[in-house]
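Below, each chain spelled out in residue letters.
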Amino acid sequence: MNFKKLVILFLLPLIFQSCNVTKYLQEEDKLYTGSDISFTNEKYISQKKELKKNLEEDLYPKPNKKFLGLFYTKLWFHLKVKPKKEKGFKYWLKNKFGEAPVLIDDINVDVLENYIDKSMQDNGYFNTYTSSTINEKTHKASVAYQIENGKQTIIDSIIYPKTNTELDSIFANYKHLLTKEGKAYNLNKMELDRTTLAKEVRSLGYFDFDISDIFFVVDTSLGDNKVNLHYKIKQQNREEKLQKYHISGINVYPTFNGNKDAEVKKGFVGSFYYKEMAFRREYDFVGKKALYNNILIEKGDLFSLKNYEYTSERLNNLGVFSFVDIEYSKDDNDSLRVDVFLTPGQHQSFRADIEASTSNRSFLGSSVALSYSNRNLIKGAENFTIKASAGTEFQMVDKKAALNILDVNFEMSLALPRLLIRATPRKILSNKIPTTTINILENYQQWLAYYTLNSLNFNYKYDWQNQKKHNHAFQPLFVNIISLLNTTQKFDDLVNNNPALKTSFSNSVIIGRNYTYSVSTQRNTYDKHYLYFSGMIENAGNESFIIAKILNKNKTLPYKIFKTPFAQYTKLDADLRYYIKPNNFSMFIARFNPGIGIPYGNSDVLPYIKQFYMGGPNTLRAFQFRSVGPGRYTSETATTDLNPIEQSGDVRLMVNLEYRFDIYKFLKGAIFSDIGNVWLLKEDVNRPDSQFKFNSFYKQLAVGSGVGLRLDFNFFVLRGDVGIPIYKPFNSSGERWINQFPESGFRPWVQKNLVFNVAIGYPF
């Protein structure tokens, strides 16, 4: 008997037992199984499913949890296990792992009815009345709530204060409020607007101003389910509230021991100033420069709540302090002293990880990694990491998992918490720490069907963010030395018959730079639609070509570095996504993902590792891995090969459309359509119809659709997709559209056309 059968035989009795836990309850006890909410006038309820779910989620207490939504496993352990003492495994199993029964007697329906009435009012349904009915069975009971509701209240006009102060203009001119004229009354959105406005005001020097100084007056005299909303500012202590404060000084305690009074009373004997910040003598845990660069509060500045939040997050994100606290104290009528208390924490760690992942080359990868990290290597909050990992990747072949790739990596990196650029201003206002990273990566990769490749990488990179929105990553230098170590006969046969493919796999040196910019317009979870964009530009070999040409005027191409040809190309890549959220249970995403790589000068073709591929769980999900393109070309063994190496290109064009929706708790569903292909810039006689041409590329776009299921546990997502190729550009004319079942029947058609993909994480 194998291990799998033993596990099943062990779990089955527990599962069946947990289906019927009520037999362990007292005779008079009834297990609470949940609630249901209904509306008397559903036609007046906008987004009924969302409102109903929000109401039900806030009801308390919750019913007992079910494993996979089916079995009362935790409850069964609590009722079944009988520990003899208040410690040990049985006690833990009953009281820590197990879960006590939630009975109908625990439900106070009067309180919950009032809560529902209040929640309905907060959502704009005034004058509602909730009644309830308890539905009882032998040992179970549930509650049905019926809500008598009318129409939803609409905000007709928003009236701002008119006292001719700076606050008035802040309120009236702020463009990102969630509460808008003509939209439904929603107290939660109004409260978020209060928070946003108070933050804006407090970031302009108004230290004493607070969210409680903003309130609303709702004028219901209009009738017809319409109200006017008046923003108001409290008049109490108005002059004090409107006093602006400047920062008079900043004191930093880098080795704070937990006693603030004692620390402050010590004074600053033996301390020193660094650019108008006062540091205690015991600054040597983390250097003054690293702290100064991440404290975004400066002497003479107006008080700013945003700068306080950025500073707090940055100091915490350094990863070297166990305690961070920033306090403001009034010095006189218009100035504040800032005390920054920092308690050193553990900054070294060893880790062992088991990882699972998917990529554009395999449906499932697993690896084991060992790493050492020191987040304060030379007392400047530098994050030094050494990591070694080894893994394998699998692919589905003939509906069976086959080992595809062996991968061994050794990586060493040093991340400095600042940008090593002299002209960069110190204040980059963001919660993300600007970093300069130096990275060396040795990668040994064995593609079992084709070759063994060694890649040595050196990267020098700047990474920063502006206002939690605009992300920048600039690599002024990267070096990649690629060595093809061993090849199989299958690989040799392929490349020897295709000079362009052979050149793309030749040993090469890539020396270049790239820049990536990304931005999202999403502000909060209430945004119903927003954009995400990421764009990358990379070029390599230009400086090397100029130098080589000067030094070797009469030498033929390609020029070499250390007896190895270097690559010269420019590559552009973009990812544009548009998200539409009609409610909290569904989302529509449209994605446009073009790319192009242009070899020139010292290179006739792009290095293979820089080319584009199409097909698989993150591109065209109705097609096998890397089985589409270039153009109409296809490998003779595309459906049985592990990653056909000749199906790559210089140009990529892809469009993805996906509708995601909730099914049950962590179970999500999706309907998708994918369109795309890759092409070569130059025609390859060994790969006919592979060149990108403006007058015909649209006829070569592969099209596929399908459905998917996702197990979404927030921290981990397991995805399964089933796709059907609707248009196969590589088929013969007349057979490209999949529009009818063959005479052999439905099952053979399914076996031939359905493509199954399993992946970890969402595709985009």
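A brief report on the enclosed structure follows. (Residues numbered from 1 in each chain as written. Predicted model: local features only at pLDDT ≥ 70, side-chain atom pairs only at ≥ 80, totals over all residues. Heavy atoms only, no water.)

Scanning the entire structure with this criterion turns up 27 salt bridges. Asp339 serves as the salt-bridge partner of Arg337, at 3.0 Å between the closest nitrogen and oxygen. Across the salt bridge formed by Asp721 and Arg710, the nearest N and O atoms sit 2.6 Å from each other. Of the two residues, Asp721 sits in strand S29 (residues 717-727) while Arg710 sits in strand S28 (residues 702-712), which places them eleven residues apart along the sequence. Through salt bridges that share partners, Arg621, Glu658, Arg660, Asp674, Arg710, Arg719 and Asp721 make up one connected network. (Salt bridge = Lys/Arg side-chain N within 4 Å of Asp/Glu carboxyl O. Helix = DSSP H or I, 4+ residues; strand = E, 2+ residues; numbered from the N terminus.)

Here the focus is the sheet that holds strand S6 (residues 226-233). Spatial strand order, S4-S6-S5: three strands in an open sheet with mixed pairing. Of all the strands in the sheet, just strand S4 (154-159) and strand S5 (214-223) have a single pairing partner and so form its edges. Strand-to-strand twist of the sheet, defined as the mean angle between neighbouring strand axes without regard to direction, takes the value 30°. As paired strands, S4 and S6 are joined by five bridges and run parallel to one another. The residue of S6 that forms the bridge with Ile155 is Val227. (Pairing = 2+ DSSP bridges. Axes fitted to C-alpha atoms, helices over the stretch in contact; angles between N-to-C directions.)

Moving on to the sheet that holds strand S3 (residues 140-148). Backbone-to-backbone hydrogen bonds pair the strands of a sheet. The strands run either parallel or antiparallel. Judged by pairing direction, the sheet is mixed, and its three strands sit side by side in the order S1-S3-S2 without closing on themselves. Of all strands in the sheet, those bounded by a partner on one side alone are strand S1 (31-39) and strand S2 (129-136). Recorded for the sheet is a direction-independent mean angle of 20° between the axes of neighbouring strands. Against the sheet, helix H2 (residues 48-57) touches S1 and S3, its axis set at about 145° to S1. (Contact = heavy atoms within 4.5 Å.)

To continue, consider the pairing of strand S7 (residues 246-253). Where burial is concerned, most of S7 is hidden: six out of the eight residues are buried. The pairing of S7 with strand S11 (residues 335-344) spans seven bridges and is parallel. Bridge pairing in S11 places Ile250 opposite Val338. Direction of pairing for S7 relative to strand S9 (residues 277-279): parallel, over a ladder of three bridges. Within S9, the residue paired with Val252 across the bridge is Phe279. (Buried < 20%, exposed > 50% of the residue type's maximum accessible area, 1.4 Å probe, protein only.)

A separate point is the side chain of Asp684. Among the secondary structure elements, Asp684 is positioned in the loop between strand S27 (667-679) and S28. Overall, the relative accessible area of 6% leaves Asp684 in the buried class. A distance of 2.9 Å separates the side chain of Asp684 from the backbone nitrogen of Asn686, its partner in a polar contact. Not counting residues within four places of it along the chain, the set of residues in contact with Asp684 comprises Asn498, Ala500 and Ser690. (Polar contact = N/O pair within 3.5 Å; in protein donor to acceptor, adjacent residues only side chain to side chain.)

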